[in-house]
Amino acid sequence: MFDQQQFIADCRTALDAERASRNVREVVARAVSDPAGVMRALGEPQQGGVQTLYRSADLTIINVLWQPKMVVQPHNHEMWAVIGVYSGREDNILWRRLPDEAAGKVEAAGAKSLCETDTIVLGPDVIHSVVNPIPRVTGAIHVYGGDFFAVQRSEWDPESLREKPYDMEKVLRMFAVSHAN
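Residues numbered from 1 in each chain as written. Predicted model: local features only at pLDDT ≥ 70, side-chain atom pairs only at ≥ 80, totals over all residues. Heavy atoms only, no water.

Q: Which residues make up the side chain of asparagine 92, and what values do they have?
A: Within the secondary structure, asparagine 92 is located in strand S5 (residues 89–97). Using a relative accessible area of 1% as the deciding quantity, one classes asparagine 92 as buried. Within the structure, asparagine 92 has its side chain in polar contact with the side chain of histidine 128 (distance 2.6 Å). (Helix = DSSP H or I, 4+ residues; strand = E, 2+ residues; numbered from the N terminus. Buried < 20%, exposed > 50% of the residue type's maximum accessible area, 1.4 Å probe, protein only. Polar contact = N/O pair within 3.5 Å; in protein donor to acceptor, adjacent residues only side chain to side chain.)

Structure (structure tokens):
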């Protein structure tokens, strides 16, 4: 059974060891290996949203609920991230910066689909976009090696693929709008 306070404590302990992101991945993988237990503790995904489970200067844990067909533009985190899906599917398109591109333009470089019980570690330099391609809400635990809400980072315009400052409020409004629909 997923215990939120124990999960937070386990993630905090994993930070103290070498290779923190990989250690946190093991914690997340154990948690999402029991999707029913996670849903008993956090609730079954019913509508889109971002629920902060824990936030500090060196660790943020979020329950991300992706509305059906929701898309978030390319962005980076400027810190490592561990994602574990406990319900539904999350498709990540991985992007790379184009060399010699003054405006920071990116191009698609790969993809990784995460299904129920899958986890992934994203390094601090990774640029990705996210899609929930299925017709129901997807639930995923996202763990970040820093304060996800405070760090300066970038996003890329979905049309021009040019870099610009990340707009956290815009992204949170996207989740709120999807929640209202």
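Q: Describe helix H2 (residues 20–32), listing the residues and the values that go with them.
A: Residues that lie three or four places apart on an α-helix share one face, since the helix turns once every 3.6 residues. Compared with the 18 Å implied by 1.5 Å per residue over 13 residues, the 18 Å span of H2 between its first and last C-alpha is a close match. The elements touched by buried residues of H2 are helix H1 (4–15), helix H3 (35–42), strand S4 (81–87), strand S7 (119–122) and strand S9 (138–144). (Expected span 1.5 Å × (residues − 1). Contact = heavy atoms within 4.5 Å.)

Q: Can you lay out the pattern of salt bridges for me, pointing to particular residues and giving the numbers?
A: Inspection of the entire model under this criterion finds eight salt bridges. Two residues, arginine 89 and aspartate 91, come together in a salt bridge whose shortest N-O distance is 2.6 Å. Lysine 164 serves as the salt-bridge partner of aspartate 157, at 3.9 Å between the closest nitrogen and oxygen. The exposure class assigned to lysine 164 is partly exposed, which follows from its relative accessible area of 32%. Within the structure, one salt-bridge network assembled from shared partners comprises Glu155, Asp157, Lys164 and Lys170. (Salt bridge = Lys/Arg side-chain N within 4 Å of Asp/Glu carboxyl O.)

Q: So, empty space enclosed by the protein: which residues are in play, and what are the values?
A: Summed over all chains, the structure comprises one cavity of 30 Å³ or more. One number sums up the size of the largest cavity: a volume of about 170 Å³. Lining the largest cavity are 17 residues, and of these Trp66, Tyr144, Phe148, Tyr166 and Phe175 sit closest to its centre. Listing elements by their share of the lining of the largest cavity, those giving two or more residues are strand S2 (60–66), strand S3 (71–76), strand S8 (127–131), S9 and helix H4 (168–180). At four residues, the largest contribution of residues to the lining of the largest cavity is made by H4. (1 Å grid on protein atoms, 1.4 Å probe; cavity = no way out; pocket = protein on both sides within 12 Å on 5 of 7 lines; lining within 4 Å. Points joined across faces, edges and corners; volume = space filled by probe spheres on them.)

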